[in-house]
Amino acid sequence: MHYHNLEKWQHSHNFVIEDQHQSEKKTLIVLGITFITMIAEIIAGTTFGSMALLADGWHMATHVGAFSITVLTYRYARINAYNPKYTFGTGKVTVLGGFASAIALSVIALITGIESIIRLFQPQEIQFNQAIYVAILGLIVNIASAFLLQEHHHHDHEHSHHHHDHNLQAAYFHVLADALTSVLAIIALLSAREWGWLWMDSVMGLVATLVIGKWAWGLIGETSTMLLDGTVNQKTKLEIANIIESDADNRIVDLHFWNISENYFSATISLVTYNPQPPEYYKNLLKNIPNLSHILIEVNLCDDENCQ
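Per chain, the residues get numbers from 1 upward, laid out in the order the sequence is written. Note on the predicted model: pLDDT of at least 70 is required for a residue's local features to be given, and 80 or more for side-chain atom pairs to be given and counted; whole-chain, interface and lining totals, by contrast, use all residues. With hydrogens and water stripped out, all remaining heavy atoms of the structure feed into the side-chain values.

Some remarks on the sheet that holds strand β2 (residues 265–273)
By definition, the strands of a sheet pair up through backbone hydrogen bonds, in either a parallel or an antiparallel sense. Stated precisely, the cut-off is as follows: Pairing between strands requires that DSSP locate at least two bridges from one strand to the other. Helix and strand assignments come from DSSP, with helices taken as H or I runs of at least 4 residues and strands as E runs of at least 2, each series counted from the N terminus. For helices, the fitted axis covers only the stretch in contact; all axes are lines through C-alpha atoms, and the angles between them, taken along N-to-C directions, range from 0 to 180 degrees.
Strand order in the open sheet formed by three strands is β1-β2-β3, with mixed pairing between adjacent strands. Two strands bound the open sheet, and with one partner strand each, they are β1 (251–259) and β3 (292–301). Between one strand axis and the next, the sheet turns through 10 degrees on average, direction left out of account. Direction of pairing for β2 relative to β3: parallel, over a ladder of nine bridges. Bridging from a neighbouring strand, Thr268 pairs with Leu296 of β3.

Below is the structure:
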């Protein structure tokens, strides 16, 4: 039985980065602002008869739900960061939150598209001036919210050197979707008021559907790959293989590389060599790979009998 201190060989499973605490606070502020504006736009859209304004208001309603998911996932990840039942910690909870918010975003796009098509064939009377004023108010709120969330919103396709937060990215996209629909609502209302183009209200709703749908699809693809342990960061995976195989006569026979959170990775490597070294030797070769937190190495002796 060992009586030694084992901390040297143990790993922390807390992958909740400090930026997430700031992101959570800012998302709470945006949640409150969005909720108040949502109530105002739904009431005004119903009263003044604008589909574009109603779409903006109901977008905000679903975004309130999405922002709530964002805040809850931040808190759950933080509270359970050291819970032993999670093998690699709660680093993927925020990825799951981003995926759920992306699904909500796609539902928004679908509902907006259906309603816009209906209004295209069944236009309704609109009280333009009142609706325009409320749409402008919504846009101001959206811009302010976007600036709040943008401070910690980073985008890096390889995720090698920057912290990336899909949970916050989803919230950011929800705000951008609101801003887009506000702008399109204003354009539609002005066009209908000045030139009688009532159909613009529905057309702008369809434009919003396409743009929001594209954002949602991209985020769903990225987060679902992480949740299913797919390799998002191919560049780092190739870098690991090159480092191992450029040393001595090592050849990798099996390499698994996946995200254990949005910004940290794990790798299991099986290699064959004529000159086997302790696993620590190969781990040391990879010490400069950013955010590679867990490495398991299997070393197989390559002799003439099994390496022909």
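Quick word on the confidence of the model for the protein
Put simply, the rule reads: pLDDT: the predictor's confidence for each residue, scored from 0 to 100.
Mean pLDDT over the protein works out to 79, with 84% of the residues at or above the 70 mark. Within the protein, the lowest mean pLDDT, 78, falls on helix α2 (residues 51–79), and the highest, 92, falls on helix α8 (residues 279–285).

Quick notes on helix α4 (residues 128–150)
Selection rule: Here the expected span of a helix is defined as 1.5 Å times the quantity of residues minus one. Buried residues are those whose accessible area, probed at 1.4 Å on protein chains only, stays under 20% of the maximum for their type, while exposed residues exceed 50% and partly exposed ones sit between those limits.
Helix length check: α4 (23 residues) gives 32 Å between terminal C-alpha atoms against 33 Å at 1.5 Å per residue, within 8%. For α4, the complete set of buried residues consists of Phe128, Ala131, Ile132, Val134, Ala135, Gly138, Leu139, Val141, Asn142, Ser145, Ala146 and Leu149.

Here's the deal with helix α6 (residues 199–227)
With 29 residues, α6 extends 42 Å from end C-alpha to end C-alpha; this agrees with the ideal 42 Å at 1.5 Å per step. Directly beyond the C-terminal end of α6, a positive phi value near 60 degrees is found at Asp229.

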